Amino acid sequence: DGGITQSPKYLFRKEGQNVTLSCEQNLNHDAMYWYRQDPGQGLRLIYYSQIVNDFQKGDIAEGYSVSREKKESFPLTVTSAQKNPTAFYLCASSAYGQGYSNQPQHFGDGTRLSIL
Amino acid sequence: AQSVSQHNHHVILSEAASLELGCNYSYGGTVNLFWYVQYPGQHLQLLLKYFSGDPLVKGIKGFEAEFIKSKFSFNLRKPSVQWSDTAEYFCAATPFMDTGRRALTFGSGTRLQVQP
């Protein structure tokens, strides 16, 4: 079955440490997204990528970095500069381009990041 | 900037009660509108979407939503809820465009608790 795989499911970060969250999709989608979910705040966009080797900052990109070297992969690194990283992180993908403007996003199961 | 508002943060209903969750968006142009559901321990799933045509949209599991352009609203309804509908519900919007940022803007979510 096609879908989005996020790993790990749970992740713990020590002070001053960078951690990387994995996101892989086999839906052949061009666009991929990272959201952060905090209680009572819904989901907020961290970074998005509409095509391989290109990505854009979302609304809360500070302290995060991404890469998009392959169509199916969009890893997110939470750097030590992110002072409040404890949250639930969701990766999503969607078709992109002319004729796909109404296509919904598909979501992974998420990674819960906590600080030790 | 585009925003989505969900005014009901926590709703408690008894089984067989009717449900209506409010969603308002602020965006002057054409938008795509979505309702997503997140069951406990599961990933976000698409309930229904609207992009054009009949403003009354039917989704999965007996849910429907009505797009009222004059009120900038996209309220979710279900005539008779079940215990299995206990979940968090998110309204989301994205501009109707073929290029540029099409990431979703989410509301803060409504937690629905259905009591048997």
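Located above this text is the structure these notes cover.
Residues numbered from 1 in each chain as written. Chains lettered and ligands numbered in written order. Predicted model: local features only at pLDDT ≥ 70, side-chain atom pairs only at ≥ 80, totals over all residues. Heavy atoms only, no water.

1. Comments concerning the interface of chain B and chain A
Applicable threshold: Any two residues whose heavy atoms approach within 4.5 Å are treated as being in contact. The term buried area means the drop in 1.4 Å probe accessible area that two parts suffer when joined, counted for both and summed. Within this document, salt bridges are pairs made up of a side-chain nitrogen of Lys or Arg and a carboxyl oxygen of Asp or Glu, the two lying within 4 Å of each other. Contacts described as polar in this section are N or O atom pairs within 3.5 Å, which, within protein, must combine one atom able to donate a hydrogen with one able to accept it, while residues neighboring in sequence count only if both atoms come from side chains. The secondary structure listing takes helices from DSSP runs of H or I that are at least 4 residues long and strands from runs of E that are at least 2 residues long, numbered from the N terminus.
With 23 residues of chain B at the interface, the matching set in chain A holds 28 residues. Buried area between chain B and chain A, both sides added, is near 2000 Å², and the carbon and sulfur share of it is 50%. For the pair chain B and chain A, the interface holds 0 salt bridges. Run the count over chain B and chain A and you get 5 residue pairs in polar contact (both at pLDDT 80 or more). If you list the elements that add at least two residues to the side of chain B that touches chain A, you get strand E5 (31–38), strand E6 (45–50) and strand E10 (87–95) of chain B.

2. A look at the nonpolar core
All names here are of chain B. For clarity, the threshold we go by: The term nonpolar core refers to a set of buried residues drawn from Ala, Val, Leu, Ile, Met, Phe, Trp, Tyr and Cys, joined through side-chain atoms within 4.5 Å. Burial here depends on accessible area, computed with a 1.4 Å probe over protein chains only, as a share of the maximum for the residue type. Under 20% is buried, over 50% is exposed, and the range in between is partly exposed.
By size, the foremost hydrophobic cluster in this structure holds 28 residues, and its most contacted members are Leu33, Trp35, Leu47, Leu48, Phe74, Leu76 and Tyr89. For this core, the elements supplying multiple residues, two or more each, are strand E2 (10–14), strand E3 (19–21), E5, E6, strand E8 (64–68), strand E9 (73–78), E10 and strand E12 (110–115). In contact with Tyr89, other than residues within four places in its own chain, are Gln6, Leu21, Trp35, Tyr36, Val37, Leu47, Phe63, Leu76, Gly109, Thr110 and Leu112.

3. A short note on the side chain of Thr79 of chain A
Residues and elements named next belong to chain A. Mapped onto the elements of the fold, Thr79 is located in the loop between strand E8 (76–78) and strand E9 (87–94). Classification of Thr79 by relative accessible area gives buried; the value is 19%. Residue contacts for Thr79: discarding those within four places in its chain leaves Arg13, Gln17, Asn18, Gly63, Tyr64 and Ser65.

4. Let's talk about the pairing of E9 of chain A
Residue and element names in this part refer to chain A. Under the convention used in this document: Strand pairing is assigned whenever DSSP identifies at least 2 bridges connecting the two strands.
Across the 8 residues of E9, 8 count as buried, placing the element largely inside the fold. With 7 bridges connecting them, strand E4 (residues 31–38) and E9 associate as antiparallel partners. Bridge assignment links Trp34 to a residue of E9, and that residue is Cys91. Pairing of E9 with strand E11 (residues 111–115) involves 3 bridges; the strand directions are antiparallel.

5. Section: the pattern of salt bridges
Residue and element names in this part refer to chain B. Applying the stated criterion to the full structure yields 8 salt bridges over all chains. Notably, a salt bridge pairs Lys58 with Glu64, separated by 2.9 Å at the nearest N-O pair. Classification of Lys58 by relative accessible area gives exposed; the value is 62%. Close ionic contact of Lys78 with Asp85 constitutes a salt bridge, the shortest N to O distance being 2.9 Å. A single burial state applies to Lys78 and to Asp85, both of which are buried.

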